[in-house]
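Structural overview for review
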Amino acid sequence: MEKSSTTSTTQPTIVKYVETSRNGIQSQTLSRYAIGYVLRGSKYIYDGDQRVRLTRGDLFYLGIGHHYTEDVPENGQPFEQILVYYTPAELQRIMMHLSITYGMDIANGHSCPRCASHPYVVMSGWTAIRNFFANTNACLRDEGMHHDGTAGSIKMTELIYLIVSHEDNCLKSKILNNVDAAKENFEQVVHEHIFRNIPIEELARMTNRSLTSFKKEFRRIFSMPPHKWFIRQRLMQSRLLLISTSLSISEIGAECSFPNTSHFIKLFKKEYAMTPAAYRSRHEEHAAAPLEAATAETAVAETAETAEEEEL
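Fair warning: this is a prediction, and the values are worked out from it, not measured in the lab. (Residues numbered from 1 in each chain as written. Predicted model: local features only at pLDDT ≥ 70, side-chain atom pairs only at ≥ 80, totals over all residues. Heavy atoms only, no water.)

Quick notes on the overall build of the protein
A tally of regular secondary structure across the protein gives 13 helices and 11 strands. For the protein, the residues scored as buried account for 48% of the 312 residues in total. Considering only contacts in the protein between residues 6 or more positions apart, those separated by 24 or more positions represent 73%. Carbon and sulfur atoms make up 49% of the accessible area of the protein, which totals about 15,700 Å². (Helix = DSSP H or I, 4+ residues; strand = E, 2+ residues; numbered from the N terminus. Buried < 20%, exposed > 50% of the residue type's maximum accessible area, 1.4 Å probe, protein only. Contact = heavy atoms within 4.5 Å. Areas by Shrake-Rupley, 256 points an atom, 1.4 Å probe, with all protein chains shown as cover.)

The following block contains the structure:
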């Protein structure tokens, strides 16, 4: 069964999560950016017809907005992960500190279509990152950071330093792009209204932009026009409801803000080449054979291949 959760700015910056049982696909809505690390078990990030599998030692990034994930305990042991949340203001403060205090010349030369168009990034953690999260886990276990804002701030600065001083990659690129507070506000407004039928002109007003400026900024951030992006997000939500709930087709269409069932079915078939009912049936038939999952290393390799193809 699908579960949903929302992060808020009242949560601690660094949090450890433990899942003792498999609870299925979860819909998460993030109000802050997050960097995560898998300590134990497997984590799945769902993206279209694919899912990416992360295991112990893998690092991931989740942008503001909706994500579909599943945390899976293994071998009788609970699933464990650490998430580090941050805002552009916090990130900017850290970047300035690293630049002024240590004279770091922080730059990013990485660019690829995959990380530019996806709201998440996964990669295998390197030695320094693994050591960092092992130490952070010990601090959290000993409650050394739960009530100490200074300790959390120092840890956050250390993590950002390890990432931005590393070789150029998708994760580094994502983080350096998060310094823009105006971009964060834009994304928050957009994600808050995915399932609300509101005119594009009103969204433009909410972000203090003209309609033309809004559409241009939308394309820059989400890599497609507003209408197409909103439809795709709603269809992704509907697909996960089809495989994780017993809601009827009409109930799912309404839940995902489609004007009527026939319109929902038409758009779903256009996007996925089958009706919602057929998609649900196919999933049930193959339930005993789980969806093939790409690993973090595979995802990184695919990103590199895509970048090379773009350069040719």
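What follows picks up the thread again.
Quick notes on the pattern of salt bridges
In total, this model carries 10 salt bridges according to the counting rule given. One salt bridge connects Glu80 with Lys16, and the closest N-O pair in it is separated by 3.3 Å. Linking Glu80 in strand E9 (residues 79-86) with Lys16 in strand E2 (residues 14-19), this pair joins segments that are 64 residues apart in sequence. Its relative accessible area of 12% is what places Glu80 among the buried residues. Arg40 is paired through a salt bridge with Glu80; the nearest N and O atoms lie 3.6 Å apart. With Arg40 in strand E4 (residues 33-40) and Glu80 in strand E9, this residue pair connects regions lying 40 residues apart in the sequence. A cluster of three or more residues bridged by salt bridges with shared partners is formed by Lys16, Arg40 and Glu80. (Salt bridge = Lys/Arg side-chain N within 4 Å of Asp/Glu carboxyl O.)

A few points about the confidence of the model for the protein
Interpreting fine coordinate detail is not advised for predicted regions of low pLDDT. Per-residue confidence for the protein gives a mean pLDDT of 85; residues scoring 70 or more make up 85%. Considering only residues more than four positions removed or in separate chains, one finds that residues 288-293, a stretch of pLDDT under 50, has 8 contacts. (pLDDT = per-residue confidence, 0-100.)

As for the sheet that holds strand E7 (residues 58-62)
Ordered in space as E2-E9-E4-E7-E10, the 5 strands form an open sheet in which the pairing is antiparallel. Two strands close off the open sheet at either side, each with one partner strand: E2 and strand E10 (120-124). The sheet shows a mean angle of 20° between the axes of neighbouring strands, taken without regard to direction. Examined bridge by bridge, E4 and E9 share 7 bridges and lie antiparallel to one another. Considered in E9, the bridge of Arg40 is made with Glu80. (Pairing = 2+ DSSP bridges. Axes fitted to C-alpha atoms, helices over the stretch in contact; angles between N-to-C directions.)

Observations concerning the packing of helix H9 (residues 226-244) against helix H11 (residues 261-272)
Viewed as axis vectors pointing N to C, H9 and H11 meet at an angle of 95°, and their least axial separation amounts to 11 Å. With respect to H11, the element H9 is oriented roughly perpendicular. Along the contact surface, H9 presents Ile231, Arg232, Leu235, Met236, Ser238, Arg239 and Leu242, while H11 presents Phe264, Leu267, Phe268, Glu271 and Tyr272. Looking at side-chain class alone, the contact of H9 with H11 contains 8 nonpolar, 1 polar and 3 charged residues. (Parallel < 35°, antiparallel > 145°, perpendicular 65-115°, else oblique. Nonpolar A, V, L, I, M, F, W, Y, C, P; charged D, E, K, R; others polar.)

Thoughts on the side chain of His66
Here His66 lies in strand E8 (residues 65-72). We classify His66 as buried; its relative accessible area is 15%. There is a polar contact of 3.0 Å between the side chain of His66 and the side chain of Thr29. At 3.5 Å, the side chain of His66 and the backbone oxygen of His191 are in polar contact. Each residue touching His66, except ones within four places of it in the same chain, is listed here: Gln28, Thr29, His191, Ile194 and Phe195. (Polar contact = N/O pair within 3.5 Å; in protein donor to acceptor, adjacent residues only side chain to side chain.)

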